[in-house]
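# Structural description and commentary
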Amino acid sequence: MNTVTASLHPLKIILDFKEITKAGLAVSVVFSSIAGYLLGVSDKNPFSWLTLFVLAVGGYCMVGASNAFNQVIEKDLDALMDRTKNRPVPSGRMAPNVALFVASALTITGLILLYWINPKSAMFGAISIFLYTSVYTPLKAVTPLSVFVGAFPGAIPFMLGWVSATNHFGIEAGTLFLIQFFWQFPHFWAIGWFLYEDYEKAGFFMLPTGQRDNRTALQIILYTLWLIVASILPSFGYTGQLYISTPATIAVLLLGLWMLFYAVKLYRLRTPKAARVLMLVSVSYITLLQIIYITDKFLR
């Protein structure tokens, strides 16, 4: 079998599609959107399997498009890093123009699907792709502030689900946005810490000080504290229809203290291993928080 035939094998195409859209990341983002949707449904805004399905597919398309555009733009830099050099574009398995076509097709499909739900959802989806592709991606090689910029599109999915359910952006959607916004910082700085040498090869400096030092570790702790505060805001009755009970608040607070423990541990140890553990804990945190929010809503 020659190289061209092998590259056109259906399994190869599927695997490359999964990699260029970062399927694992995309699915986790879609889960956030679904969580936001379930929190937004009510007697006034009834649950719809069709809307949920369209949101999931449209959300995947938008995240996949952002990741594909990113890999086209950074193909030369990806080739320098061990963790990215085997991606479809830098490895040569997929031509850049093919990847660009995939990204464009996903963008159009995603926008159409989200617009079918409501125009606000499509607008936020478009903003997310624009910020991720046109602002965050080029800034990564310029300034550590790229993480701040990237936190905006990264925080949209949780909020997008609520907007899809209600066709309304208010204090509830804003609170969901705030939670996932603050979560971005300890999560991505932990990644930037344990992948520091690999990022350095491509000229990416993802840490706030540019170094794995006490100041970076301290900022991780501070943003984890802000995350905990944002996560328990719905328990105080000031976030409209978004509310969590006392037992749920206690569970979320314990979850936050668990993450804070590993943030402090990173400050003490300042090792790549400690940063990797914090990253894994942060992924568990946002998933478990969303599960707690949803469970609390339907058990009350």
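In short, a report on the structure. (Residues numbered from 1 in each chain as written. Predicted model: local features only at pLDDT ≥ 70, side-chain atom pairs only at ≥ 80, totals over all residues. Heavy atoms only, no water.)

Our focus in this paragraph is the overall build of the protein chain. Each helix and strand in the protein chain was counted, giving 13 helices and zero strands. Going residue by residue from the N terminus, the α and β elements of the protein chain occur as α-α-α-α-α-α-α-α-α-α-α-α-α. For the protein chain, whose C-alpha radius of gyration is 20 Å, the value lies close to the compact-globule estimate of 19 Å for 300 residues. In terms of overall dimensions, the protein chain has C-alpha extents of about 60 × 50 × 30 Å along its principal axes. Relative to its full complement of 300 residues, the protein chain shows a buried share of 51%. Excluding contacts between residues fewer than 6 apart, the proportion of contacts in the protein chain whose partners are at least 24 apart in sequence is 73%. Within the structure as shown, the protein chain displays about 14,100 Å² of accessible surface, and the carbon and sulfur contribution to it stands at 70%. Separation of charge centres in the protein chain, based on 21 positive and 13 negative side chains, amounts to 4 Å. (Helix = DSSP H or I, 4+ residues; strand = E, 2+ residues; numbered from the N terminus. Rg over C-alpha atoms; globule rule 2.2 N^0.38 Å. Buried < 20%, exposed > 50% of the residue type's maximum accessible area, 1.4 Å probe, protein only. Contact = heavy atoms within 4.5 Å. Areas by Shrake-Rupley, 256 points an atom, 1.4 Å probe, with all protein chains shown as cover. Lys, Arg positive; Asp, Glu negative; His and termini not counted. Charge placed at Lys NZ, Arg CZ, Asp CG, Glu CD.)

It is worth spelling out the pattern of salt bridges at this point. Oppositely charged side chains may form a pair once their charged atoms are brought near each other. Evaluation of the coordinates by the stated rule reveals nine salt bridges. With a closest N to O distance of 3.0 Å, D16 and R93 form a salt bridge. In this pair, D16 sits in helix α2 (residues 10–20) while R93 sits in the loop between α5 (75–78) and α6 (96–117), placing the two residues 77 residues apart along the sequence. Between D78 and R87 there is a salt bridge, with its nearest N and O atoms 3.2 Å apart. For R87, a relative accessible area of 9% gives the class buried. Through salt bridges with shared partners, one network takes in D82, K85, D198 and K201. (Salt bridge = Lys/Arg side-chain N within 4 Å of Asp/Glu carboxyl O.)

Bringing the nonpolar core into the picture now. The biggest cluster of nonpolar side chains holds 87 residues, and the ones touching the most others in it are L39, V252, Y285, L289 and Y293. Ranked by the residues each element gives to this core, the list is headed by helix α9 (residues 171–194), at 13 residues. In this structure, L289 is in contact with F158, I179, S231, V252 and L255, ignoring residues within four places of it in sequence. Counting residues in each nonpolar core, the second largest holds seven residues, with A23, A26, A56 and Y60 among its members. (Core = buried A, V, L, I, M, F, W, Y, C linked by side-chain atoms within 4.5 Å.)

With that out of the way, let us pick up α6. An ideal rise of 1.5 Å per residue puts 32 Å on 22 residues; α6 measures up with 32 Å between its terminal C-alpha atoms. Residues of α6 that are buried include every one of A99, V102, A103, L106, T107, G110, L114 and I117, and no others. Across the axial projection of α6, the buried residues extend over an arc of 135 degrees, all falling on one side. Residues of α6 that are exposed and angled more than 90 degrees away from the buried face: N97, F101, I108, I112 and Y115. (Expected span 1.5 Å × (residues − 1). Arc of directions from axis to C-beta.)

What follows is about the environment of S146. Here S146 shows up in helix α8 (residues 146–166). We classify S146 as buried; its relative accessible area is 0%. When the C-alpha atoms of S146 and Y60 are compared, they prove to be 23 Å apart, with 86 residues separating the residues in sequence. Setting aside residues up to four positions removed in sequence, S146 forms contacts with Y136, L139, K140 and M206.

At N167, a position not held by glycine, the phi torsion is positive, near 55 degrees. Among the residues examined, N167 registers a relative accessible area of 38% and is labelled partly exposed. Within the chain, R270 stands out as a residue other than glycine whose phi angle is a positive 55 degrees. Positionally, R270 belongs in the loop between α12 (246–269) and α13 (272–299).

Glancing now at the environment of I286. For I286, the position within the fold is in helix α13. Here I286 falls in the buried class, since its relative accessible area comes to 6%. When the C-alpha atoms of I286 and H187 are compared, they prove to be 10.0 Å apart, with 99 residues separating the residues in sequence. Not counting the four nearest positions on each side in its chain, I286 is found in contact with I179, Q180 and W183.

A surface patch of nonpolar side chains, amounting to about 910 Å² of accessible area, comprises L218, L222, L225, W226, V229, L233, F236, Y238 and Y267. Take F236: it is sitting in the loop between α11 (214–232) and α12. (Patch = residues over 30% accessible without salt bridge, like charges linked within 9 Å, V, L, I, M, F, W, Y side chains within 5 Å.)

Let us look at the packing of aromatic side chains. Overall, the coordinates contain 20 aromatic pairs when judged by the stated rule. When the centroid spacing of 6.2 Å and the interplanar angle of 45 degrees are considered together, the rings of F152 and F177 count as tilted. Taken as a pair, F152 in helix α8 and F177 in helix α9 lie far apart in primary sequence, 25 residues in all. Centroid distance F181 to F182: 5.7 Å. Interplanar angle 70 degrees. Geometry classified as edge-to-face. Judged by relative accessible area, which is 9%, F181 ranks as buried. Here a set of aromatic residues connected by ring pairs shows up, and it is made of F148, F152, F177, F181, F182, F185, W189, Y223 and W226. (Phe/Tyr/Trp six-rings, centres within 6.5 Å; stacked < 30°, edge-to-face > 60°.)

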